[in-house]
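Chain by chain, the residues run as shown.
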Amino acid sequence: MRKMLAAVSRVLSGASQKPASRVLIASRNFANDATFEIKKCDLHRLEEGPPVTTVLTREDGLKYYRMMQTVRRMELKADQLYKQKIIRGFCHLCDGQEACCVGLEAGINPTDHLITAYRAHGFTFTRGLSVREILAELTGRKGGCAKGKGGSMHMYAKNFYGGNGIVGAQGQIFEAYNMAALWKLPCIFICENNRYGMGTSVERAAASTDYYKRGDFIPGLRVDGMDILCVREATRFAAAYCRSGKGPILMELQTYRYHGHSMSDPGVSYRTREEIQEVRSKSDPIMLLKDRMVNSNLASVEELKEIDVEVRKEIEDAAQFATADPEPPLEELGYHIYSSDPPFEVRGANQWIKFKSVS
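Source: prediction; values computed, not measured. (Residues numbered from 1 in each chain as written. Predicted model: local features only at pLDDT ≥ 70, side-chain atom pairs only at ≥ 80, totals over all residues. Heavy atoms only, no water.)

**Let's talk about the overall build of the protein**
Moving on, step 1. Counting secondary structure elements, the protein contains 12 helices and 10 strands.
Moving on, step 2. Projected onto the principal axes, the alpha-carbon positions of the protein cover approximately 95 × 60 × 45 Å.
Moving on, step 3. Burial status across the protein gives 45% buried among its 359 residues.
Moving on, step 4. For the protein, the computed accessible surface area is about 19,300 Å², with 53% contributed by carbon and sulfur atoms.
Moving on, step 5. Side-chain charges in the protein split into 49 positive and 44 negative, and the spacing between the mean points of these groups amounts to 4 Å. (Helix = DSSP H or I, 4+ residues; strand = E, 2+ residues; numbered from the N terminus. Buried < 20%, exposed > 50% of the residue type's maximum accessible area, 1.4 Å probe, protein only. Areas by Shrake-Rupley, 256 points an atom, 1.4 Å probe, with all protein chains shown as cover. Lys, Arg positive; Asp, Glu negative; His and termini not counted. Charge placed at Lys NZ, Arg CZ, Asp CG, Glu CD.)

**Examining the nonpolar core**
Moving on, step 1. Leu221 and Val223 are the most contacted members of the largest nonpolar core, which totals 65 residues.
Moving on, step 2. Ignoring sequence-local partners within four residues, the contact set of Leu221 consists of Cys41, Asp42, Leu43, Leu46, Pro50, Tyr212, Ala234, Phe237, Ile249, Leu250, Met251 and Glu252.
Moving on, step 3. Within the second largest apolar cluster, 6 residues are counted, among which are Tyr196, Tyr256, Tyr258 and Ile276. (Core = buried A, V, L, I, M, F, W, Y, C linked by side-chain atoms within 4.5 Å. Contact = heavy atoms within 4.5 Å.)

**Observations regarding the environment of Arg232**
Moving on, step 1. Mapped onto the secondary structure, Arg232 falls in helix α9 (residues 228-243).
Moving on, step 2. For the pair Arg232 and Tyr270, spaced 38 residues apart in sequence, the C-alpha separation works out to 31 Å.
Moving on, step 3. When sequence neighbours within four positions are dropped, the list of residues in contact with Arg232 reads Thr54, Val55, Leu56, Asp60, Tyr64, Gly103, Ala106 and Gly107.

**Examining the packing of helix α3 (residues 58-83) against helix α6 (residues 131-138)**
Moving on, step 1. Two numbers describe how α3 lies on α6: the axes approach to 11 Å, and their chain directions differ by 25°. For the element pair α3 / α6, the angle class is roughly parallel. In this structure, the crossing between α3 and α6 has a hand that is right-handed. In contact with Thr70, Met74, Lys77 and Ala78 of α3, α6 contributes Val131, Ile134, Leu135 and Leu138.
Moving on, step 2. Class assignment of the residues belonging to the contact of α3 with α6 gives a composition of 6 nonpolar, 1 polar and 1 charged. (Axes fitted to C-alpha atoms, helices over the stretch in contact; angles between N-to-C directions. Parallel < 35°, antiparallel > 145°, perpendicular 65-115°, else oblique. Left-handed = near helix turned anticlockwise from the far one by under 90°. Nonpolar A, V, L, I, M, F, W, Y, C, P; charged D, E, K, R; others polar.)

**What to know about the confidence of the model for the protein**
Moving on, step 1. Considering every residue of the protein, the mean pLDDT works out to 91; 92% of them sit at 70 or more.
Moving on, step 2. Below a pLDDT of 50 lies the segment residues 1-24, which in the model reaches 5 contacts outside its immediate sequence neighbourhood of four places, other chains included. (pLDDT = per-residue confidence, 0-100.)

**Some details on the sheet that holds strand β7 (residues 220-224)**
Moving on, step 1. Read from one edge to the other, the open sheet built from 4 strands follows the order β2-β7-β8-β4, with strand pairing classed as mixed. The outermost strands of the open sheet, each flanked by one partner alone, are β2 (42-44) and β4 (188-193). Taking the axes of each pair of neighbouring strands and ignoring which way they run, one obtains an average angle of 20° across the sheet.
Moving on, step 2. Here 5 bridges tie β7 to strand β8 (residues 249-254), and the two strands are oriented parallel to one another. Among the inter-strand pairings, Asp224 is bridged to a residue of β8, identified as Gln254. (Pairing = 2+ DSSP bridges.)

**Remarks on the pattern of salt bridges**
Moving on, step 1. Summed over all chains, the structure comprises 16 salt bridges.
Moving on, step 2. A salt bridge links Asp79 to Lys83; its shortest N-O distance comes to 3.2 Å. In this pair, Asp79 and Lys83 both sit in helix α3, 4 residues apart, roughly one turn of the helix.
Moving on, step 3. We classify Asp79 as buried; its relative accessible area is 10%.
Moving on, step 4. Take Lys83: its relative accessible area is 61%, and that puts it in the exposed class.
Moving on, step 5. We note a salt bridge from Glu278 to Lys282, for which the minimum N-O separation is 3.2 Å. Of this pair, Glu278 and Lys282 are both found in helix α10 (residues 273-283), 4 residues apart, which corresponds to roughly one turn of the helix. (Salt bridge = Lys/Arg side-chain N within 4 Å of Asp/Glu carboxyl O.)

**Points about the packing of aromatic side chains**
Moving on, step 1. The tally for this structure, following the rule as stated, stands at 5 aromatic pairs.
Moving on, step 2. Ring centres of Tyr196 and Tyr270 lie 5.3 Å apart, and the angle between their planes is 55°; this geometry places the pair in the tilted category. Highlighted residues: Tyr196 in strand β5 (residues 196-197) and Tyr270 in the loop between β8 and α10, separated in sequence by 74 residues.
Moving on, step 3. Each ring, one from Tyr338 and one from Phe344, has its centre 5.7 Å from the other, and the planes form 45°; the classification is tilted.
Moving on, step 4. Taking the relative accessible area as the measure of exposure, Phe344 reaches 29% and is therefore partly exposed.
Moving on, step 5. Aromatic ring contacts, followed pair by pair, group Phe174, Tyr177 and Phe189 into a single cluster.
Moving on, step 6. Directly above the ring of Tyr258 sits Arg280, whose terminal nitrogen or CZ lies 4.0 Å from the centroid.
Moving on, step 7. Of note, Arg292 hangs over the ring of Phe36, and the distance from its end group to the ring centre comes to 5.5 Å. (Phe/Tyr/Trp six-rings, centres within 6.5 Å; stacked < 30°, edge-to-face > 60°. Lys NZ or Arg CZ within 6 Å of the ring centre and 35° of its normal.)

Given below as structure tokens:
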């Protein structure tokens, strides 16, 4: 009897040494793909729009989940670093809008060109830059994607032309619509409608909130911007439309930002905490993708939790680099004004201060 108990004890102790989640994942057969119904887009000057069903592979689902979770955690870390006064100046966070940047990237090619406004961190990541380069740029360090001299609103990558620090800098939008339509340019105009222009709701600011119709003579789509699969399929549709030679198209992505307009905006003076919580509980883009994948046997809760742990570690490592990396030296203040010009002098705050500019 004692021998049998000892044997059972050894078996149980050996089993307990293995992480349960890993055993479950290793022994479980996941589906390779699943088909989902997605919300129908509202259309303007289009006879047909994107499909209302789409296939998500397990590989793509895991990739999208990791990317959205990375953007979310990166923005939350930026919030923390800003409150610690390690990040200074303006800082515009995009947590809540992750399906927009990740979904758009999933629907276009790396060789396509992307221009965005000042809420640019997520797009900078999906265009291929690392969290380390983005956080280091936010903290103004040499290892940042713009050598520490751009900050939150001026980040750049290959085929990505960075943000724009001027609110309403895209004010020439109707002239751009007109020229793009006249010349049939392969251009997708995108409105990330997060319901508020700084602190003013769209209902208070616009007589018509049908932004996807603002192109008038340009076809438009209104898309559920909280659903990454909706955004991906709408982007694929819009890209195919443009590539076929039909000219420009306009997409309105209906989304929501959890933070205020910028770090100086608490975000609850013009909207209620209950409103924010309702969106989080019913429409969060990461939660929606997670539920789909788990319910369709594309992934397990344990597997997604492992991704969460890996993402948190990546963010922490990047944050440590972003706070330890040195700032660019003062003598390099005038560097990188032009890409391939010979060195020249740049005047400083007065005529006696000169900086050398090197491409």
